[in-house]
Structures are given as structure tokens and as C-alpha cells.
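If you want the building blocks of each chain, they are given just below.
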Amino acid sequence: VEDLFRRYLSPAVATTLLADPKQAALGGEVRDVTVLFADLRGFTPFSERVDPAEVVALLNRYFAAAVPVILAEGGTIAQFVGDAVMAIFNAPDDLDDHAAHAARAAIGMQRAIAAVAGDDPRVPRFRIGVHSGPSLVGNIGSPQVRQYTAIGDTTNLAARLQTMADEGQVVVSGTTYERIRDRVTARGLGALTIKGKRDPVEAWELSAWDA
């Protein structure tokens, strides 16, 4: 049962709940985190022309390649939504230099997915958005069903940056970039107009981790 439980929750969350079941209570705390969002650009048209069983098989291959990269960098898988995955760094466990861990995970994910996709032009690739900042992290939902996640502007902006990324890109906010700038190869994208944000947001495309 414990093994099954761990397969339905990110390992860090499962370990926390097994050690202290009171941590399953609804609510949370504000923490400084880095949130990573990734989805497959072009997934909808791809799924329209491909058999559902083949779509699911592709998603499982992609996630089987991406999830170990996230976990190896100390990330917590918050959720899978169709072709998308959300990960939190620095919750529930403390993670020093969490922006760096998230950036390395994002770059590593792209490499892992490229190896799975190969040279097949028909299959979609991940686009990734990353942002760092305060977020309310904890259990959100109802007394019957709940989910460990991060809520707030930090999460929203990471998701928006993901939608601004091209296939194969890792786009990070200026906030995240400032925390890792001396250790990455990056290209400035300028100030992007983000839906729902009053002011433009500085963004950078990461291509390599140099440290």
C-alpha cells in the first residue's frame, strides 16, 4: 500500500505525509519557490490525427524521461494535466539555490525528451516556463479530495512563460535569471507582454548550464 501511495504522490510529499499525517490538512504556508511548467506544443493537433492509445504511449514515454530529471534535482511533481507537468522546487523540503535546481531540471528535460523524440518531425516537443518567487504551498481542495500544489502569482507567471516558449525552449523570468545568471548560457528575450500582468516581464531563453 505504501508503494502504491508513493506512486500517486511526488516522493517528497509522500514521505512528508507518512512521517506526519497532520501535514495532509487543508491549507499551507507562503514559501519562496521556483515553479516549472512544461507542456507539449502542438499536442492538440497531434492528438487529433493519432490514435488515443498511441497518444497515451507517447505521453508516458515523455514523462518517463522527464520525471526522473525533475526528481534528481529535488523537484516536487505537483500535477500532470494532460500533456503538461508542473513541478515545485523548495517545497515541501527545503532546497538551497532552488532556482538553479529548476533551471538544470528544465535544460535536462529538454535533452531527455530530444532523445526520446529522435528525428521524428511528427511528434511534439516540450516548451518550458520557469519563475521564482513567493507562493502559497500546501494542500488545496476539499475534505474528500485534495492536492499538494503552489498557488499565487509565481505559479501563474511560470505557466504564462511556458505558453510564450517555442518548442524545445526553456524560458525563465528575469527574477529567476538574476539568481543563476553567472552559471548559464542565455539569450535575452526582452520585456514580454504577459496576459493578466499589468507590466511587461523580462524573460530569458536558457540553452545551457555552464557551472
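Described in the following lines is the structure provided in the data block.

Cut-offs and rules
- Residues numbered from 1 in each chain as written.
- Predicted model: local features only at pLDDT ≥ 70, side-chain atom pairs only at ≥ 80, totals over all residues.
- Heavy atoms only, no water.
- Helix = DSSP H or I, 4+ residues; strand = E, 2+ residues; numbered from the N terminus.
- Expected span 1.5 Å × (residues − 1).
- Core = buried A, V, L, I, M, F, W, Y, C linked by side-chain atoms within 4.5 Å.
- Buried < 20%, exposed > 50% of the residue type's maximum accessible area, 1.4 Å probe, protein only.
- Contact = heavy atoms within 4.5 Å.

**Details of helix 5 (residues 98–117)**
Since the α-helix advances by 3.6 residues per turn, residues separated by three or four positions end up pointing in the same direction. Its 20 residues place the ends of helix 5 28 Å apart at the C-alpha level, agreeing with the 28 Å of an ideal helix rising 1.5 Å per residue. Positioned one or two residues after helix 5, Gly118 has a phi angle of 65°, which is positive.

**Quick notes on the nonpolar core**
Within the largest apolar cluster, 42 residues are counted, with the highest numbers of intra-cluster contacts made by Leu36, Phe126 and Ile128. Excluding residues within four positions of it along the chain, Leu36 makes contact with Val85, Met86, Ala87, Phe89, Ala102, Ala105, Ala106, Met109, Ile128, Gly129 and Val130. By size, the runner-up hydrophobic cluster in this structure holds 13 residues, among which are Val13, Val33, Val35 and Phe37.

**Topic: the environment of Phe63**
Turning to its location among the elements, Phe63 is positioned in helix 4 (residues 52–72). Its relative accessible area of 11% is what places Phe63 among the buried residues. Put simply, Phe63 and Val85 are 22 residues apart on the chain and 8.4 Å apart in space, counted from C-alpha to C-alpha. Those residues in contact with Phe63 that lie beyond four places of it in its chain are Pro68, Phe80, Gly82, Asp83, Ala84, Val85 and Phe126.

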